[in-house]
Amino acid sequence: MSIPLPSAPKLVRQEGNSGVFEVDGLYPGYGVTIGNGLRRVLLSSLEGAAITQVKIKGANHEFATLSGVLEDVIMILLNIKKLNFKCFSDEPQTISLKIKGERAVKAKDFKLTSEVELMNPEQHIATLTKASADFEIEAKVEKGIGYEPVEKRENEKAEVGSLFIDAIYTPVKRVSMKVENTRVGKRTDFDKLILEIETNGVLTPTEAWNKAADILVHHYNLIAEAFTKVEVKEKEVKKPKESDGQKKIKIEDLNIPDRAKTALLKASVKTVGGLTKKTAKELLDLEGMGEKAMGEVKKELKKMKLTLSERKPKGEA
């Protein structure tokens with residue numbers, strides 16, 4: 001007798017960045033087992049971007065105050081921690097802000113790079129109370145996973161005048177879990193898992209659910225396959241042609257930057273097969289496809305033992 005599988009998960013309600021999911025018909029005890037795993041991964045293991053270092057003109061330490069600024073430096077840093085970013089590059093990005101005069105300073109006043117997108121532009125940063133106020137900030141945005149306190153970066157060398165801050169990378173703000181009894185056939189002790197996910201807008205609740213489930217599946221696959229590999233003599237193994245199946249893989253499933261995926265899909269390149277028909281020059285001509293993204297695309301193809309086309313573009317001898 002095998003343990004029965006539950007019904008497929010359902011998104012039963014979504015409001016803004018909050019979504020409620022249900023998994024019905026789980027074998028007794030599996031509601032807590034699966035729910036705890038998902039909740040743990042959602043809160044600790046999803047990639048995001050956050051400010052890790054801040055340089056504020058006139059502030060040598062976090063306990064300083066600034067002339068013409070209502071908030072002290074600690075309060076300004078707390079406001080900066082609340083900023084949510086999408087980062088399309090693995091390299092650190094520097095953003096800056098320069099404001100003069102009496103006014104409220106918001107996140108949208110930052111000058112961003114092309115690799116960074118701000119998700120909450122109305123977030124308050126500081127209040128300038130004098131016409132003579134001169135407020136400048138330079139901040140470093142980096143990618144990371146979960147939450148990283150300042151203490152973890154004690155060995156890193158900060159730039160002169162920079163202050164390290166706790167980095168809240170995770171795009172998930174809250175996960176609540178509830179398990180209820182449900183009927184399956186004549187039994188009333190099966191579980192229904194109800195999981196509510198609230199994100200900061202960088203990911204939708206559904207995207208967060210999918211990424212967390214994917215992380216768990218990869219780990220369990222590794223565990224399941226560890227002791228089931230059968231040793232077969234190499235001469236007895238007929239290697240299938242992998243390239244045919246790999247070429248059917250969708251662009252969305254490749255481990256390449258989101259910006260590169262968007263550029264390819266806009267150009268109607270939907271599968272790996274379509275990608276291998278393109279030359280490097282043709283890809284670089286796509287809007288949003290830079291040299292770094294191109295490198296990631298080539299690296300992903302190399303893993304599958306595939307390459308871009310080397311044909312000469314039309315019009316070239």
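The following refers to the structure shown. (Residues numbered from 1 in each chain as written. Predicted model: local features only at pLDDT ≥ 70, side-chain atom pairs only at ≥ 80, totals over all residues. Heavy atoms only, no water.)

**Notes on the overall build of the chain**
- A tally of helices and strands in the chain yields eight helices and 14 strands.
- For 317 residues, the compact-globule estimate of 2.2 N^0.38 gives 20 Å, and the chain exceeds it by more than 25% at 25 Å.
- Considered along the principal axes of its C-alpha atoms, the chain spans approximately 80 × 75 × 40 Å.
- Looking at the 317 residues of the chain, the share that counts as buried comes to 38%.
- Partitioning the contacts of the chain with sequence separation of at least 6, the portion at a separation of at least 24 is 66%.
- As displayed, the chain offers around 19,700 Å² of accessible surface, 51% of which is attributable to carbon and sulfur atoms.
- Here the chain holds 54 positive side-chain charges and 48 negative ones, and the gap between their average locations is 5 Å. (Helix = DSSP H or I, 4+ residues; strand = E, 2+ residues; numbered from the N terminus. Rg over C-alpha atoms; globule rule 2.2 N^0.38 Å. Buried < 20%, exposed > 50% of the residue type's maximum accessible area, 1.4 Å probe, protein only. Contact = heavy atoms within 4.5 Å. Areas by Shrake-Rupley, 256 points an atom, 1.4 Å probe, with all protein chains shown as cover. Lys, Arg positive; Asp, Glu negative; His and termini not counted. Charge placed at Lys NZ, Arg CZ, Asp CG, Glu CD.)

**Focus: the nonpolar core**
- Of all hydrophobic cores here, the largest spans 33 residues; its most connected members are Ile 51, Ile 56, Ile 76, Ile 125, Phe 135 and Ile 137.
- Breaking this core down by element, the ones donating at least two residues are strand E3 (47-56), helix H2 (73-81), strand E4 (85-87), strand E5 (93-100), strand E7 (116-118), strand E8 (124-128) and strand E9 (134-145).
- Residues contacting Phe 135, with those up to four places away along its chain left out, are Ile 56, Leu 66, Val 69, Ile 76, Leu 97, Lys 98, Ile 99, Val 105, Ile 125, Ala 126 and Leu 128.
- Within the second largest apolar cluster, 19 residues are counted, among which are Ile 256, Ala 263, Leu 283 and Val 297. (Core = buried A, V, L, I, M, F, W, Y, C linked by side-chain atoms within 4.5 Å.)

**Section: the packing of aromatic side chains**
- Across all of its chains, the model carries three aromatic pairs by this definition.
- Measuring from ring centre to ring centre gives 6.1 Å for Tyr 27 and Tyr 30, while their planes differ by 85°; the resulting arrangement is edge-to-face.
- Overall, the relative accessible area of 34% leaves Tyr 30 in the partly exposed class.
- Between Tyr 27 and Phe 190, the ring centres sit 5.8 Å apart and the planes meet at 85°, which makes this aromatic pair edge-to-face. Of this pair, Tyr 27 sits in the loop between strand E2 (18-26) and helix H1 (30-44) while Phe 190 sits in strand E14 (residues 187-199), and the two are 163 residues apart along the sequence.
- Since its relative accessible area comes to 24%, Tyr 27 is described here as partly exposed.
- Among the aromatic residues, those joined into a ring-pair cluster are Tyr 27, Tyr 30 and Phe 190.
- Directly above the ring of Phe 88 sits Arg 259, whose terminal nitrogen or CZ lies 4.3 Å from the centroid. (Phe/Tyr/Trp six-rings, centres within 6.5 Å; stacked < 30°, edge-to-face > 60°. Lys NZ or Arg CZ within 6 Å of the ring centre and 35° of its normal.)

**Description of H1**
- With 15 residues, H1 extends 21 Å from end C-alpha to end C-alpha; this agrees with the ideal 21 Å at 1.5 Å per step.
- Within the span of H1, buried status applies to Gly 31, Gly 35, Leu 38, Val 41 and Leu 42. The buried side chains of H1 occupy one side of the element, clustering within an arc of 140° when seen end-on. Opposite the buried face of H1, at more than 90 degrees from it, the exposed residues are Thr 33 and Arg 40.
- Looking at the buried side of H1, the elements it contacts are E2, strand E13 (172-184), E14 and helix H3 (205-225). (Expected span 1.5 Å × (residues − 1). Arc of directions from axis to C-beta.)

**Focus on the side chain of Asn 79**
- Within the secondary structure, Asn 79 is located in helix H2.
- If near-sequence neighbours (up to four positions away) are discounted, Asn 79 is found in contact with Gln 123, His 124 and Ile 125.

**Some remarks on helix H8 (residues 291-303)**
- Between its first and last C-alpha, H8 extends 19 Å over 13 residues, near the 18 Å set by a 1.5 Å rise per residue.
- Among the residues of H8, Ala 293, Met 294, Glu 296, Val 297, Glu 300 and Leu 301 are the ones counted as buried. Down the axis of H8, the sector holding all buried residues measures 160°, keeping them to one side. Away from the buried face of H8 by more than 90 degrees, exposed residues Glu 291, Lys 302 and Lys 303 are located.
- Contacts made by the buried residues of H8 are with helix H5 (258-266), helix H6 (272-276) and helix H7 (280-284).
- Backbone geometry just after H8 places Lys 305 at a positive phi near 60°.

**Regarding empty space enclosed by the protein**
- Enumeration over the complete set of coordinates arrives at one cavity of 30 Å³ or more.
- Space inside the largest cavity adds up to approximately 40 Å³.
- For the lining of the largest cavity, the secondary structure elements donating two or more residues are E3, H2 and strand E12 (167-168).
- The residue makeup of the lining of the largest cavity, split by class, is six nonpolar, no polar and two charged. (1 Å grid on protein atoms, 1.4 Å probe; cavity = no way out; pocket = protein on both sides within 12 Å on 5 of 7 lines; lining within 4 Å. Points joined across faces, edges and corners; volume = space filled by probe spheres on them. Nonpolar A, V, L, I, M, F, W, Y, C, P; charged D, E, K, R; others polar.)

**A few points about a nonpolar patch on the surface**
- A contiguous nonpolar surface patch, about 380 Å² in accessible area, is contributed by Phe 63, Ile 74, Met 75 and Leu 78.
- Mapped onto the secondary structure, Phe 63 falls in the loop between E3 and H2.
- Assessed through its relative accessible area of 61%, Phe 63 is described here as exposed. (Patch = residues over 30% accessible without salt bridge, like charges linked within 9 Å, V, L, I, M, F, W, Y side chains within 5 Å. Salt bridge = Lys/Arg side-chain N within 4 Å of Asp/Glu carboxyl O.)

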